Amino acid sequence: MSATAVTRGGTPYTPTYAESIDPKKCIGCGRCYKVCVRDVLTLVDRGDDDDMDEDDWDDEDAKAMMTVKNPGDCTGCGACGRTCPKGCFTFVAA
Ligand code: SF4
Ligand code: SF4
């Protein structure tokens, strides 16, 4: 069963929460981090991930990528996904 929330006006909706960020698409721009009002996202060094082949990255010069560090703090507002220029986010209902 999905969690249901209500708007201030009382309209019910189903929040969807930040689940993951596609590391191949992310350019590390930080837009999502700036709009998030919770402690959910963090930028990590791409060099730390041995599984990544930089030929697969959309931006080979990107030095960092965003990750979902603390998914349990997400309110499901969706702002990060709306602001991401690369469509990196996957969201799930609770
Ligand atoms: S959905 Fe909202 S709270 Fe969750 S990570 Fe994105 S901006 Fe932050
Ligand atoms: S807005 Fe998108 S491209 Fe920019 S850091 Fe966040 S996930 Fe990566």
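Higher on the page you've got the structure.
To start, this report covers the structure provided alongside it.

Definitions and cut-offs
- Residues numbered from 1 in each chain as written.
- Chains lettered and ligands numbered in written order.
- Predicted model: local features only at pLDDT ≥ 70, side-chain atom pairs only at ≥ 80, totals over all residues.
- Heavy atoms only, no water.
- Helix = DSSP H or I, 4+ residues; strand = E, 2+ residues; numbered from the N terminus.
- Buried < 20%, exposed > 50% of the residue type's maximum accessible area, 1.4 Å probe, protein only.
- Contact = heavy atoms within 4.5 Å.
- Polar contact = N/O pair within 3.5 Å; in protein donor to acceptor, adjacent residues only side chain to side chain.
- Phe/Tyr/Trp six-rings, centres within 6.5 Å; stacked < 30°, edge-to-face > 60°.
- Lys NZ or Arg CZ within 6 Å of the ring centre and 35° of its normal.
- Core = buried A, V, L, I, M, F, W, Y, C linked by side-chain atoms within 4.5 Å.
- Near = heavy atom within 4 Å.
- Nonpolar A, V, L, I, M, F, W, Y, C, P; charged D, E, K, R; others polar.

Considerations on the environment of N70
Here comes step 1: Inspection of the secondary structure assignment puts N70 in the loop between strand 5 (64–68) and helix 2 (79–83).
Here comes step 2: Residue class for N70 comes out partly exposed when judged on its relative accessible area of 28%.
Here comes step 3: Taking the C-alpha atoms as reference points, N70 and G9, separated by 61 residues in sequence, lie 29 Å from one another.
Here comes step 4: Excluding residues within four positions of it along the chain, N70 makes contact with D39 and V40.
Here comes step 5: Separated by 3.1 Å, the side chain of N70 and the backbone oxygen of D39 make a polar contact.

A short note on the packing of aromatic side chains
What characterises a pair of aromatic rings is the spacing of the ring centres plus the angle enclosed by the ring planes.
Here comes step 1: Enumeration according to the criterion identifies one aromatic pair in this entry.
Here comes step 2: Consider the rings of F89 and F91, whose centres lie 5.7 Å apart with planes at 20°: the pair is stacked.
Here comes step 3: Residue placement shows R46 over the ring face of W57; its charged tip is 4.0 Å from the ring centre.

What about the nonpolar core?
Here comes step 1: Formed by 15 residues in total, the largest nonpolar core has its most connected members in I21, C26, C32, L41, M66, C80 and F89.
Here comes step 2: Breaking this core down by element, the ones donating at least two residues are strand 3 (16–21) and strand 5.
Here comes step 3: Residues within four places of C26 in sequence aside, it is in contact with I21, R46, A62, M65, M66 and C88.

Some thoughts on the site of ligand 1
Here comes step 1: All residues adjacent to ligand 1 are A18, C36, R38, V40, C74, T75, G76, C77, G78 and C80.
Here comes step 2: Each residue belonging to the shell around ligand 1 can be placed in one class, and the counts come to six nonpolar, three polar and one charged.

Function-wise, these values are silent; they only describe arrangement.
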